[in-house]
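Here are the chains, one letter per residue:
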Amino acid sequence: MNETMQHHLLRERFYRRERQSVPAAREFVRAAAEEWGLGARLDDVLLCVSELTTNALIHGVPPGRGFLLRLWWCADGPLRIEVHDSGGGQPRVSAPADAARGAGAAESGRGLLLVEALADTWGVGERDPGKIVWCEFDVRADGQASRARDVVRQA
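A short note on the packing of aromatic side chains
For any pair of aromatic rings, the description rests on two quantities: the centre-to-centre distance and the angle between the ring planes.
Part 1: Scanning the model with the defined rule gives two aromatic pairs in all.
Part 2: Taking the centre distance of 6.3 Å and the plane angle of 20° together, the rings of Trp-36 and Trp-73 count as stacked. Residue Trp-36 is found in the loop between helix H1 (21-35) and helix H2 (42-60), and its partner Trp-73 is found in strand E2 (residues 66-74); the two are separated by 37 residues along the sequence.
Part 3: The class of Trp-73 is buried, set by a relative accessible area of 4%.
Part 4: A cation sits over an aromatic face here: Arg-80 above Trp-134, 4.1 Å from the ring centre.

Right, here's the structure in full:
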């Protein structure tokens, strides 16, 4: 029998509902990606982590709760970033024109638009209570990356 073993790496950390959680989450992801040798597209990955964790804090984490950040990577497969929160609602991408018309347009309404533009795929999964907002980056351990421009949305 000829079997190929794939090496799966998983890291996760829980964060409280506070502003310091966003930079802490970025540093957590940076450290894991560097340890795993995933330098390709690190800036894009970190920007998406900032956007997803900020969205969780503003829209998805009720007072007194927090969110879970999970990183999962399988050698020669995509790096998956998941943000688990216990809030309701269904995240959606705002059209640039919609974001510009909204109140506080200079500071809100563009997070998922950035995730959609930078990540290879992204989506929303169910969780009870709450949801999982995730994105994936096609990276390889040798530092090379390819981009599959498909956007995946799961309800």
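Additional details are given in the paragraphs that follow.
Let's talk about the sheet that holds strand E4 (residues 121-126)
Part 1: If you trace the five strands from one edge of the open sheet to the other, you get E1-E2-E3-E5-E4, paired in antiparallel fashion. Across the chains shown, the open sheet's two edge strands, defined by having one partner strand only, are strand E1 (8-16) and E4. If you compare each strand with its neighbour and ignore which way they point, the axes differ by 15° on average.
Part 2: Where E4 and strand E5 (residues 131-138) come together, six bridges link them in antiparallel fashion. Residue pairing for E5: Glu-126 is matched across the bridge by Lys-131.
Part 3: The sheet contacts of H1 involve E1 and E2, and relative to E1 the element is tilted by about 165°.

A look at H2
Part 1: Between its first and last C-alpha, H2 extends 25 Å over 19 residues, near the 27 Å set by a 1.5 Å rise per residue.
Part 2: Among all positions of H2, only Leu-42, Val-45, Leu-46, Cys-48, Val-49, Ser-50, Glu-51, Leu-52, Thr-53, Ala-56, Leu-57 and Gly-60 are buried.
Part 3: Along its buried surface, H2 packs onto E1, H1, E2, strand E3 (78-85), helix H4 (111-118) and E5.

Here's the deal with the confidence of the model for the protein chain
Part 1: Mean pLDDT for the protein chain: 82, with 75% of residues reaching 70 or above.
Part 2: Scored below 50 in pLDDT, residues 142-155 makes 40 contacts in the model with residues more than four places away or belonging to other chains.

Thoughts on the side chain of Glu-136
Part 1: Its place among the elements puts Glu-136 in strand E5.
Part 2: For Glu-136, a relative accessible area of 17% corresponds to the buried category.
Part 3: Within the structure, Glu-136 has its side chain in polar contact with the side chain of Arg-80 (distance 2.8 Å).
Part 4: Apart from residues no more than four positions distant in its own chain, Glu-136 is found in contact with Pro-78, Leu-79, Arg-80, Ala-119, Asp-120 and Thr-121.

Describing H4
Part 1: Of all the positions in H4, only Gly-111, Leu-112, Val-115, Glu-116 and Leu-118 are classed as buried.
Part 2: Of the surrounding elements, those touching the buried residues of H4 are H2, E4 and E5.

Description of the side chain of Glu-51
Part 1: Positionally, Glu-51 belongs in helix H2.
Part 2: The charged side chain of Glu-51 is buried without a salt bridge, its nearest counter-charge being Arg-26 at 8.2 Å.
Part 3: In this structure Glu-51 touches Gly-111, Leu-114 and Val-115, once residues within four positions along its chain are discounted.

Cut-offs used in this document
Residues numbered from 1 in each chain as written. Predicted model: local features only at pLDDT ≥ 70, side-chain atom pairs only at ≥ 80, totals over all residues. Heavy atoms only, no water. Phe/Tyr/Trp six-rings, centres within 6.5 Å; stacked < 30°, edge-to-face > 60°. Helix = DSSP H or I, 4+ residues; strand = E, 2+ residues; numbered from the N terminus. Buried < 20%, exposed > 50% of the residue type's maximum accessible area, 1.4 Å probe, protein only. Lys NZ or Arg CZ within 6 Å of the ring centre and 35° of its normal. Pairing = 2+ DSSP bridges. Axes fitted to C-alpha atoms, helices over the stretch in contact; angles between N-to-C directions. Contact = heavy atoms within 4.5 Å. Expected span 1.5 Å × (residues − 1). pLDDT = per-residue confidence, 0-100. Polar contact = N/O pair within 3.5 Å; in protein donor to acceptor, adjacent residues only side chain to side chain. Lys, Arg positive; Asp, Glu negative; His and termini not counted. Salt bridge = Lys/Arg side-chain N within 4 Å of Asp/Glu carboxyl O.

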